[in-house]
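Residue-level structure breakdown
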Amino acid sequence: MPDQVGLELIATALGEAIPGSVLETTFFRERAAVHVAPASVRQVLSTLKQNHGYRALMSVHGVDYYPHEPRLGVHYELLDMDRVDRLSVKLRVPLDEPNVESVTPDWPTANHQEREVFDMFGVYFDGHPDLRRILMPEDYEGHPQRRDFPLGGEPVLFTHNEVSSPGWTR
C-alpha cells in the first residue's frame, strides 16, 4: 500500500497529467484510494498502468450509496506486483445517468466484471464489447444488488423439466 505521502504523490501526478481527474484521496485502515471523475477513469487507469507500475487490475466492484447521490459507485482494485502494492480507484455516478467508459479495451480482465456490475447495479459501461446480463436472465427486470431492491416474496418456479421427469403425475 502506498502510505499517505505516496498516495498524495500519485494523486498530484495524476492531477498534473489529467487535469480535473482526481476529486479526492482517502487513506483508511491502511488502504489507499483515489476518487476520480467518471469521465477520466480510463485515462487514470492507463496512466497508473504505464507510469506507476500498477499493471494488474485485480477486480471491479459495484457499490450502491443509497440514499446519497451520486448513488452508484464503481471501484477498481489495482496491484503493482513488483512492490506488492495495492491501490483503489473509485468513482461515483448518478442514478439518472449511470454511464462509465469501459476499461475492457485496456484491461481484458474487466470484461466479465463490468458485465456483473451492469447486471447487479445497472451501471452502463460505454464501449464495452458485449454488455449484457451475466448472472440474471436477459429478460429480468431490475438490479438485485441495489439497496432499494425488494427482498423476498418472489416465488422460484422450476417448471422447465415438469413433463420430462419420469413418474411425474398431476
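Residues numbered from 1 in each chain as written. Predicted model: local features only at pLDDT ≥ 70, side-chain atom pairs only at ≥ 80, totals over all residues. Heavy atoms only, no water.

1. Remarks on the side chain of Thr25
Here is the rule: Counting from the N terminus, the helices are DSSP H or I runs at least four residues long and the strands are E runs at least two residues long. Contacts described as polar in this section are N or O atom pairs within 3.5 Å, which, within protein, must combine one atom able to donate a hydrogen with one able to accept it, while residues neighboring in sequence count only if both atoms come from side chains. Any two residues whose heavy atoms approach within 4.5 Å at even a single point are treated as in contact.
Considering the arrangement of structural elements, one finds Thr25 in strand β1 (residues 22-28). A polar contact is formed between the side chain of Thr25 and the side chain of Glu8, at a distance of 2.7 Å. Apart from the residues lying within four places of it in its own chain, the contact partners of Thr25 are Leu7, Glu8, Ala11, Ala33 and His35.

2. A word on the sheet that holds strand β4 (residues 72-80)
The condition is simple: Strand pairing is assigned whenever DSSP detects at least two bridges linking the two strands. Lines fitted to C-alpha atoms define the axes here, with helix axes fitted over just the stretch in contact, and angles between the N-to-C directions of these axes take values from 0 to 180 degrees.
Overall, mixed pairing links the 5 strands, which are arranged β1-β2-β5-β4-β3 in an open sheet. Each edge of the open sheet is held by one strand with a lone partner, namely β1 and β3 (56-64). The mean inter-strand angle of the sheet, taken between neighbouring strand axes irrespective of direction, is 20°. Summarising the sheet, β3 and β4 pair through 8 bridges and their orientation is antiparallel. Its bridge partner being in β4, Ala56 is matched across the sheet by Leu79. Sheet strands touched by helix α1 (residues 4-17): β1, β2 (31-36) and β5 (85-93). Its angle to β1, the strand with the most contacts, is close to 170°. Helix α3 (residues 110-121) rests against β3 and β4 of the sheet, and its axis sits at about 5° to β3.

3. Side note on unusual backbone geometry
What counts is decided by this rule: Remark: exposure states derive from per-residue accessible area (1.4 Å probe, protein chains only) relative to the maximum for the residue type, with buried under 20%, exposed over 50%, and partly exposed in between.
The linkage connecting Tyr66 with the following residue, Pro67, adopts the cis geometry, with an omega of 10°. Topologically, Pro67 is positioned in the loop between β3 and β4. The phi dihedral of Arg29 falls on the positive side, at around 55°, and the residue is not glycine. Mapped onto the secondary structure, Arg29 falls in the loop between β1 and β2. Despite not being glycine, Val84 shows a phi value in the positive range, around 50°. Looking at where Val84 falls in the secondary structure, it is placed in the loop between β4 and β5. Assessed through its relative accessible area of 65%, Val84 is described here as exposed.

4. Concerning helix α2 (residues 41-51)
What counts is decided by this rule: Taken from the helix axis, the directions to the C-beta atoms give the arc we talk about.
Looking only at α2, the buried set comprises Val41, Val44, Leu45, Thr47 and Leu48. Looking down the long axis of α2, one finds its buried residues gathered within 160° of arc, a one-sided arrangement. For α2, the exposed residues lying more than 90 degrees away from the buried face are Gln50 and Asn51. Against the buried residues of α2 lie α1, β2, β4, β5 and β6 (99-101). Taken from the residues just after α2, Gly53 is the one with a positive phi, measuring 85°.

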